[in-house]
Amino acid sequence: MSSATPAAASPDTNPDVVLVVDFGAQYAQLIARRVREARVYSEIVPSTTPVAEMLARNPRAIILSGGPSSVYEEGAPRLDRELFEAGVPVFGMCYGFQLMAETLGGTVDNTGAREYGRTPLHVSRNGSTLFEGTPAEQSVWMSHGDACSAAPEGFAVTASTDVVPVAAFENDEKKLYGVQYHPEVMHSTHGQQILEHFLYRGAGIEPSWTTGNVIEEQVAAIREQVGDRRAICGLSGGVDSAVAAALVQRAIGDQLTCVYVDHGLMRKGETEQVEKDFVAATGVQLKVVDAQERFLNALAGVSDPEEKRKIIGREFIRVFEQAQAEIIAEASGDQPVEFLVQGTLYPDVVESGGGTGTANIKSHHNVGGLPEDLEFKLIEPLRKLFKDEVRMVGQELGLPEEIVQRQPFPGPGLGIRIVGEVTRERLDLLREADAIAREELTAAGLDREIWQCPVVLLADVRSVGVQGDGRTYGHPIVLRPVSSEDAMTADWTRMPYDVLARISTRITNEVKDVNRVVLDVTSKPPGTIEWE
Ligand code: XMP
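Predicted model only: the values in this text are computed from it and were never measured.

Student: Any details on the packing of helix α13 (residues 424-443) against helix α14 (residues 497-510)? Residues and values, ideally.
Tutor: When two helices pack together, their arrangement is given by the angle between the helix axes and the distance between those axes. Contact pair α13 / α14: the axes reach a minimum separation of 9 Å and the direction vectors enclose 150 degrees. Between α13 and α14, the angle is such that the two are roughly antiparallel. As α13 packs across α14, the resulting crossing turns out to be right-handed. For the pair α13 and α14, contact is made by A433, I436, A437, E439, E440 and L441 and by V499, R502, I503, R506, I507 and E510, respectively. When grouped by side-chain class, the residues that make up the contact of α13 with α14 number 7 nonpolar, no polar and 5 charged.

Spelled out as structure tokens, the structure:
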């Protein structure tokens with residue numbers, strides 16, 4: 001099998017790309033998402049990218065993100081002046097704004113004029129390119145130590161704050177714009193409008209990008225990449241692998257075989273969703289491996305969370321590779337199985353250093369039957385998309401709502417939501433409790449508001465209760481509803497008491513051996529989302 005790898009299918013050639021230059025601190029991803037919400041395609045580039053390389057991509061516009069540095073710091077990221085002289089519209093935000101000011105001859109100083117958090121902004125030119133149609137007073141999100149006290153020559157100052165004289169500037173002739181604040185965050189009340197004004201009015205871009213184009217582009221690119229060879233895809237039951245598989249299935253039909261490892265750690269109904277609903281919706285060829293016994297045996301007697309994770313990961317790879325070997329063997333005489341489909345998303349790509357999509361994945365060699373030098377070429381049709389866009393693509397591909405809108409669920413499944421040893425009985429018990437909680441949350445319309453709600457069985461804890469006339473000695477169930485943007489930080493969701501009461505009553509009535517339901521009221525940090 002050849003190890004030469006063509007680039008993964010990607011809409012790199014999109015003519016209307018807006019580049020977001022990343023100065024660090026996670027602002028760039030949010031900006032890129034907001035640009036796409038404005039129906040303009042965007043990509044993130046590190047601030048170390050040479051300007052010539054950025055310009056070589058013919059971007060329709062460039063946005064400079066905020067970042068943690070001060071323009072005065074030694075080693076602070078800089079930009080070549082050439083960027084501002086190429087005729088490409090540029091929008092600087094926060095650090096990007098200060099860098100633009102400084103590079104073009106304005107004054108940025110450290111006068112102690114700090115602002116953090118929600119700040120009133122006074123717009124001095126309501127009819128300006130950025131601010132047209134927005135109120136003269138608006139609330140914006142600030143986070144800066146340095147401040148711009150004089151705009152570069154040729155720029156009009158269009159907004160200020162009580163502390164900062166130059167909080168926004170614009171140069172229509174050169175198509176250069178900047179704001180001291182973060183228009184990308186929700187707390188900046190007119191942020192999205194101002195970003196759209198830059199894109200549509202400042203840069204003259206037509207909003208035309210949709211996820212509908214993604215399907216067409218990817219289907220064509222995947223067909224081209226795969227030709228008449230074969231591909232394989234592991235389904236986890238989650239959104240990403242389901243959408244990636246559906247997209248590849250649309251492109252190459254039966255040349256794709258999916259594998260689903262049933263490790264017995266899924267929630268109630270989830271395996272059936274994959275086996276029946278997903279197959280019905282896509283017509284995908286699916287090989288289901290029932291590995292429940294194998295996982296239970298491997299997990300017997302193990303309580304340590306890290307050890308459980310290792311065992312589940314190890315068994316998963318073994319079972320998956322066995323299935324892979326069988327599919328390859330079955331295909332012998334047919335076209336070779338050369339491609340592995342993965343549901344990698346754009347944030348994974350950006351966070352791992354923005355690879356070019358040419359990585360080969362070397363299969364683990366711990367299962368007999370695989371050729372020693374087996375290397376798969378990757379098909380990663382979602383590697384330019386954010387999660388919400390993946391859901392939209394899934395919807396357009398006609399996938400079941402339960403799969404497309406599914407909340408995050410850990411790979412090791414319920415195995416890490418049982419504190420203590422994992423047994424079949426405990427899994428069944430937890431599945432019942434979890435199904436009740438999910439049912440009530442859905443009925444109360446809380447699925448969108450809640451990021452996820454782990455339901456946890458404290459299998460090693462028992463406490464006394466009373467039910468009917470008798471004393472009980474049962475296990476507690478923990479409810480862990482959290483609100484979050486990205487799971488890096490989270491807060492416990494202030495859920496309505498009546499919903500909590502219904503869940504509690506139903507679980508203690510309907511689930512044998514559970515006599516208490518408790519609510520986790522810890523944010524992350526210090527707690528994690530999952531209990532393990
Ligand atoms: P924690 O518990 O670290 O979880 O706050 C953060 C997010 O990650 C999910 N999670 C996992 N997802 N494999 C996954 O695919 C895992 O092993 C795993 N562990 C935690 C968790 O559900 C939450 O969304």
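Once the structure has been displayed, the description carries forward.
Student: Tell me about helix α6 (residues 239-252), and name the residues and values.
Tutor: An ideal rise of 1.5 Å per residue puts 20 Å on 14 residues; α6 measures up with 20 Å between its terminal C-alpha atoms. Burial of α6 is extensive: 13 of the 14 residues sit out of reach of the surface. Just past α6, the residue G253 takes up positive phi, approximately 55 degrees.

Student: Explain the site of the ligand to me, using residue names and the numbers behind them.
Tutor: By nearness alone, every residue bordering the ligand is listed as R309, P408, P410, G411, P412, Q452, A487, K524, T528, I529 and E530. R309 has a polar side-chain atom sitting 2.6 Å from an oxygen atom of the ligand. Computed on the free molecule, the ligand has an accessible area of 500 Å², of which 68% lies beneath the protein chains in the complex. Class assignment of the residues belonging to the shell around the ligand gives a composition of 5 nonpolar, 3 polar and 3 charged.

Student: An account of the pairing of strand β4 (residues 90-93) is needed here, citing residue identities and associated values.
Tutor: Both faces of β4 are covered, namely the face carrying V90 and G92 and the face carrying F91 and M93. With 3 bridges joining them, strand β3 (residues 61-64) and β4 adopt parallel strand pairing. Looking at the pairing, L64 lines up with G92 of β4. Bridge count between β4 and strand β11 (residues 176-179): 4 bridges; the pairing is parallel. For V90, the partnering residue across the bridge sits in β11 and is L176.

Student: Account for the pattern of salt bridges, naming residues and giving values.
Tutor: Counted according to the given criterion, the structure contains 32 salt bridges. K387 serves as the salt-bridge partner of D240, at 3.0 Å between the closest nitrogen and oxygen. With D240 in helix α6 and K387 in helix α11 (residues 387-396), the pair connects residues that are 147 residues apart, well separated along the chain. E532 is paired through a salt bridge with R309; the nearest N and O atoms lie 2.7 Å apart. Here R309 lies in helix α9 (residues 305-330) and E532 lies in the segment after β24 (514-519), a separation of 223 residues in the sequence. On the accessibility criterion, E532 (30% relative accessible area) is partly exposed. When salt bridges with common partners are traced through the structure, they connect E439, E440, R502, R506 and E510 into a single cluster.

Student: Break down helix α4 (residues 191-202) for me, with residues and values.
Tutor: Listed as buried for α4 are G191, I194, L195, H197, F198, L199 and G202. Each element contacted by the buried residues of α4 is listed here: β1 (18-22), α1 (27-37), β3, β4, β7 (137-144) and β11.

Student: Explain the sheet that holds β3 to me, and be specific about the residues and the numbers.
Tutor: One open sheet accounts for 9 strands, arranged β2-β1-β3-β4-β11-β10-β9-β6-β7; its pairing is mixed. Single-partner strands in this sheet number two, and they are β2 (42-46) and β7. Adjacent strand axes in the sheet meet at a mean angle of 25 degrees, parallel and antiparallel pairs treated alike. Of the strand pairs in this sheet, β1 and β2 are connected by 5 bridges, and their pairing is parallel. Note that in β2 the partner of V21 across the bridge is V45. Sheet contacts for helix α3 (residues 95-103): β3, β4, β7, β10 (168-171) and β11; angle to β4, the most-contacted strand, approximately 115 degrees. Here α4 sits on the sheet in contact with β1, β3, β4, β7 and β11, set at roughly 165 degrees to β4.

Student: Talk me through the UniProt feature "active site" (unreviewed entry) in the protein chain; I want residue IDs and the actual numbers.
Tutor: Under the UniProt annotation, the feature "active site" (unreviewed entry) is placed at C94, H182 and E184. Judged by maximum C-alpha separation, these annotated positions cover 91 residues in sequence but sit close together in space, the widest gap being only 10.8 Å. Along the chain, C94 falls in the loop between β4 and α3. Not counting residues within four places of it along the chain, the set of residues in contact with C94 comprises G66, S143, H144, V179, Q180, Y181 and H182. The topology assignment puts H182 in the loop between β11 and α4.

Student: If you had to explain unusual backbone geometry to someone new, which residues and values would you point to?
Tutor: Residue P525 follows K524 across a cis peptide bond; omega there is -10 degrees. Tracing the chain through its elements places P525 in the segment after β24. For the bond from P525 to P526, the omega torsion is 10 degrees, close enough to zero to count as cis. Tracing the backbone shows P526 in the segment after β24. One non-glycine residue, K175, adopts positive backbone phi at about 60 degrees. Of note, K175 is situated in the loop between β10 and β11. For D513, which is not glycine, the phi torsion reads 75 degrees and is therefore positive. As for its placement among the helices and strands, D513 is situated in the loop between α14 and β24.

Student: Report on the pairing of strand β6 (residues 115-123), specifying residues and quantitative values.
Tutor: As defined by bridge partners, β6 adjoins β7 across 8 bridges and the pair is classed as antiparallel. Pairing of E115 across the sheet is with H144, part of β7. Sheet analysis places β6 next to strand β9 (residues 156-160), joined by 2 bridges and oriented antiparallel. Pairing of V123 across the sheet is with A159, part of β9.

Student: Lay out the domain arrangement of the protein chain in plain terms, naming residues and giving numbers.
Tutor: Per the domain assignment, the segments making up the protein chain are domain 1 (16-202), domain 2 (211-404) and domain 3 (417-519). Between the C-alpha centres of domain 1 and domain 3 the distance comes to 46 Å.

Student: Got a sec to walk through the state of the cysteines? Specific residues and values, please.
Tutor: Each disulfide consists of a covalent bond between the sulfur atoms of two cysteine residues. With the rule as written, the count across this model stands at 0 disulfides. As a non-bridged cysteine, C233 has C258 as the owner of its nearest cysteine sulfur, 4.6 Å distant. Using a relative accessible area of 1% as the deciding quantity, one classes C233 as buried. The class of C258 is buried, set by a relative accessible area of 0%.

Scoring rules and cut-offs
- Residues numbered from 1 in each chain as written.
- Predicted model: local features only at pLDDT ≥ 70, side-chain atom pairs only at ≥ 80, totals over all residues.
- Heavy atoms only, no water.
- Axes fitted to C-alpha atoms, helices over the stretch in contact; angles between N-to-C directions.
- Helix = DSSP H or I, 4+ residues; strand = E, 2+ residues; numbered from the N terminus.
- Parallel < 35°, antiparallel > 145°, perpendicular 65-115°, else oblique.
- Left-handed = near helix turned anticlockwise from the far one by under 90°.
- Contact = heavy atoms within 4.5 Å.
- Nonpolar A, V, L, I, M, F, W, Y, C, P; charged D, E, K, R; others polar.
- Expected span 1.5 Å × (residues − 1).
- Buried < 20%, exposed > 50% of the residue type's maximum accessible area, 1.4 Å probe, protein only.
- Near = heavy atom within 4 Å.
- Polar contact = N/O pair within 3.5 Å; in protein donor to acceptor, adjacent residues only side chain to side chain.
- Areas by Shrake-Rupley, 256 points an atom, 1.4 Å probe, with all protein chains shown as cover.
- Pairing = 2+ DSSP bridges.
- Salt bridge = Lys/Arg side-chain N within 4 Å of Asp/Glu carboxyl O.
- UniProt positions renumbered as here; feature names shortened; annotations may be inferred.
- Domains from an automatic or database assignment.
- Disulfide = S-S within 2.5 Å.

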